[in-house]
Amino acid sequence: MKFATVERQCPAKVNLLLKVLGKRADGYHELFTLMQAIDLADTLEVWLEKKGIRFQSTDSRLPLDERNLVVKATRLFLEKTGIQDGIGIRLQKRIPIAAGLGGGSSDAANTLLALNQLFENPMDFPSLNQMASQLGSDVPFFLHGGTALCLGRGEGVEPLDFLGDLHFVLVNPGVPLSTREVYESLESTAHSSLTGSKDLFSMIAKVFREKTYTKLSQLLSNDLEKIALEKVPQLRKLKEMLLRAGAVATLVSGSGPTVFGLAENALKAEELFKKAQNLISDRGYLFYQARSVPGNKL
Ligand code: C5P
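The paragraphs below set out a description of the structure included in this document. (Residues numbered from 1 in each chain as written. Predicted model: local features only at pLDDT ≥ 70, side-chain atom pairs only at ≥ 80, totals over all residues. Heavy atoms only, no water.)

Re the packing of aromatic side chains
- Taken as a whole and assessed by the stated rule, the structure comprises five aromatic pairs.
- An angle of 75° between the planes, with centres 4.9 Å apart, marks the rings of F141 and F142 as edge-to-face. This pair shows no difference in class: F141 is buried, exactly as F142 is.
- Arranged with centres 5.5 Å apart and planes meeting at 90°, the rings of F168 and F260 form a pair that is edge-to-face. Taken together, the residues F168 in strand β7 (residues 167-172) and F260 in strand β10 (residues 259-263) connect sequence positions 92 residues apart.
- Classification of F260 as buried rests on a relative accessible area of 0%.
- For R153, the ring lying beneath its charged end belongs to Y28, and the centroid distance is 5.1 Å. (Phe/Tyr/Trp six-rings, centres within 6.5 Å; stacked < 30°, edge-to-face > 60°. Buried < 20%, exposed > 50% of the residue type's maximum accessible area, 1.4 Å probe, protein only. Helix = DSSP H or I, 4+ residues; strand = E, 2+ residues; numbered from the N terminus. Lys NZ or Arg CZ within 6 Å of the ring centre and 35° of its normal.)

Some words on the site of the ligand
- Neighbouring the ligand are the residues G27, Y28, H29, L31, G136, S137, R153, T179, R180 and Y183.
- One of the side-chain N or O atoms of H29 is found 2.8 Å from an oxygen atom in the ligand.
- Between the ligand and S137 there is a distance of 2.5 Å, counted from an oxygen atom to a side-chain nitrogen or oxygen.
- Out of a free accessible area of 450 Å², the ligand has 75% covered by protein chains.
- Sorting the residues of the shell around the ligand by element identifies β2 (29-49) and α5 (179-184) as the ones contributing at least two each.
- Sorting elements by how many residues they give to the shell around the ligand places α5 first, with three residues.
- Of the residues assigned to the shell around the ligand, the class counts are three nonpolar, five polar and two charged. (Near = heavy atom within 4 Å. Polar contact = N/O pair within 3.5 Å; in protein donor to acceptor, adjacent residues only side chain to side chain. Areas by Shrake-Rupley, 256 points an atom, 1.4 Å probe, with all protein chains shown as cover. Nonpolar A, V, L, I, M, F, W, Y, C, P; charged D, E, K, R; others polar.)

Looking at the state of the cysteines
- Using the criterion set out here, one finds zero disulfides in the structure.
- Sulfur of C10: no disulfide; nearest cysteine sulfur belongs to C150 and is 17 Å away.
- A relative accessible area of 0% places C10 in the buried class.
- Using a relative accessible area of 0% as the deciding quantity, one classes C150 as buried. (Disulfide = S-S within 2.5 Å.)

A closer look at the pattern of salt bridges
- Taken as a whole and judged by the stated rule, the model has 18 salt bridges.
- Ionic pairing is found between D42 and K93, a salt bridge with its closest N-O pair at 2.5 Å. Linking D42 in strand β2 with K93 in the loop between β4 (86-92) and α2 (103-118), this pair joins segments that are 51 residues apart in sequence. When sorted by exposure, D42 lands in the same class as K93, which is buried.
- With its nearest N and O atoms 2.7 Å apart, the salt bridge here joins R61 to D59.
- A relative accessible area of 64% places R61 in the exposed class.
- A residue is classified by how much of its surface remains accessible, and D59, at 13% relative accessible area, is buried.
- One network of salt bridges, with partners in common, ties together R24, D26 and E30. (Salt bridge = Lys/Arg side-chain N within 4 Å of Asp/Glu carboxyl O.)

Regarding the sheet that holds strand β9 (residues 249-252)
- The four strands lie next to each other as β9-β10-β7-β11, forming an open sheet whose pairing is antiparallel. Either end of the sheet is taken by a strand with one partner, and the two such strands are β9 and β11 (286-291). For this sheet, the mean inter-axis angle between neighbouring strands, taken without regard to orientation, is 20°.
- The sheet contact formed by β9 and β10 spans four bridges and is antiparallel. From the neighbouring strand, V252 faces β10, where its bridge partner is V259. (Pairing = 2+ DSSP bridges. Axes fitted to C-alpha atoms, helices over the stretch in contact; angles between N-to-C directions.)

Next up, the structure:
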């Protein structure tokens, strides 16, 4: 055993593009989504215990039993490896819960990576990926982190070259939104085409390469945004405020309700962060300044 304790950062993500291509026979939706990991992150520590799984979290709203994805990931890892040791886990939560930022999925993926590190790599990448996919649609993305196109129900991850330093201001209205409920409200006729989604992705990638950010507001799109705006009406005002405060584009991330505003550089992001806080005085709103982070070397 090389490590007494393994500590990992569990980054959040934003979806720069999320297109729903159709509903599948298994009830999930077929996706084409561009994901980017950001430096808003939870911190996870794992260590050996005599027996059982002892899980502690700084957020009292999180269940500590089997309903928690971290506990599920730990059980699955122990079952697949046949390891009989006990495990201690501490999770310092910073990413808001049920926010469209992938916090729970990132915690689960990083639990698998941390345990694999703790036991000196008993699992190869395909086995970790298989477990991740079983835990949730977004979990495989977080084994890679960085920038990726995610296909299928989200588990088909194609890592991409880092888009570079992107600067975000995130605003969360302080209410949770259930991913399942958002998908359930999606009209079966309102699906995007694969060709159109690929074209949009190529245009977005070009904008990031050339840093011609002014074009972004017409390109960034999320097929779940309309539903998030219906379910949480204050998001409409929030998007307007972020644009007024200087964001080059705004979008709901994933199934929401977190909205991000993109800024052209670090200085403008700082300004946007301050202005947004002044303009949006609603109680209970959470504000974060974040930047893109590159992926793991696997
Ligand atoms: O995979 P995960 O458990 O994170 O998904 C949560 C819920 O979101 C699913 O039960 C499903 O209702 C919905 N979903 C979907 N299509 C996807 C991903 C999630 O309909 N591609």
